[in-house]
Amino acid sequence: MSDTPVIGVLALQGDVREHLIALASADALARPVRRPEELAEVDGLVIPGGESTTMSKLATLFGMLEPLRERVRAGMPVYGTCAGMILLADKILDPRSGQETIGGIDMIVRRNAFGRQNESFEAAVEVAGIEGGPVEGVFIRAPWVESVGAGAEVIAEHGGHIVAVRQGNALATSFHPELTGDHRVHALFVDMVRAKG
């Protein structure tokens with residue numbers, strides 16, 4: 001891999017474009033990923049926000065669920081925001097019928113924990129490993145992490161709830177940094193992908 005890693009954004013549903021822009025501004029070559037052959041060509045992957053149940057069903061429909069699980073198990077760097085966090089959880093507290101996860105982070109996540117769409121909010125969040133002060137967290141029907149296992153490191157909390165977690169090459173946030181114009185979380189992820197090289 002060159003200094004410019006190729007990072008995919010899972011483009012089945014959700015705010016794909018914003019992540020592509022944020023990754024490009026963090027010096028990555030960003031491209032949408034919809035098929036297993038596209039997944040095979042990237043050094044890392046972002047799983048965007050959206051509707052986690054729909055994304056899980058579309059991943060199955062597009063033949064992406066098993067390839068995603070295999071790449072994550074093999075150590076491909078992956079970053080999930082909001083619904084992406086839910087998909088990276090080893091366990092969902094209140095899954096919808098038939099909802100599956102990719103897994104990769106030893107955590108239990110509660111869907112829509114911060115409330116409905118009309119209860120969305122923004123808040124300053126201190127994230128361990130990110131310098132320059134807190135990041136602006138945009139929480140939209142956001143999950144939170146109920147608990148983490150021994151392998152997972154809590155890197156941010158808000159209101160007494162875990163909202164960002166890292167485990168090895170996997171990173172997850174409840175909030176949407178791609179919607180703020182502050183690309184430090186994406187830069188952290190790009191650095192993780194470079195380090196995996």
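The model shown is predicted, which means the values in this text are computed figures rather than measured ones.

Q: What am I meant to see in the overall build of the protein here?
A: From N to C terminus, the protein includes 6 helices and 12 strands. The C-alpha radius of gyration of the protein comes to 15 Å, within 12% of the 16 Å expected for a compact globule of 197 residues. Counting only C-alpha atoms and orienting by the principal axes, one finds that the protein spans roughly 40 × 40 × 35 Å. For the protein, the proportion of its 197 residues judged to be buried stands at 50%. Restricting to contacts in the protein with at least 6 residues of sequence separation, those with at least 24 account for 65%.

Q: Got a minute to help me understand the UniProt feature "active site" (unreviewed entry) in the protein in this structure?
A: Feature annotation in UniProt assigns "active site" (unreviewed entry) to the following positions: Cys82, His176 and Glu178. The greatest C-alpha distance among the annotated residues, which extend across 97 residues, is 11.1 Å, indicating that they converge on a single site. Mapped onto the secondary structure, Cys82 falls in the loop between strand 4 (78-81) and helix 5 (83-88). Contact partners of Cys82, with chain neighbours within four places excluded, come to Gly49, Ile140, Arg141, Ala142, Pro143, Thr173, Ser174, Phe175 and His176. The topology assignment puts Glu178 in the loop between strand 12 (170-173) and helix 6 (184-196). Those residues in contact with Glu178 that lie beyond four places of it in its chain are Asp15, Glu18, His19, Ala22, Thr81 and His186.

What counts, and at which threshold
Residues numbered from 1 in each chain as written. Predicted model: local features only at pLDDT ≥ 70, side-chain atom pairs only at ≥ 80, totals over all residues. Heavy atoms only, no water. Helix = DSSP H or I, 4+ residues; strand = E, 2+ residues; numbered from the N terminus. Rg over C-alpha atoms; globule rule 2.2 N^0.38 Å. Buried < 20%, exposed > 50% of the residue type's maximum accessible area, 1.4 Å probe, protein only. Contact = heavy atoms within 4.5 Å. UniProt positions renumbered as here; feature names shortened; annotations may be inferred.

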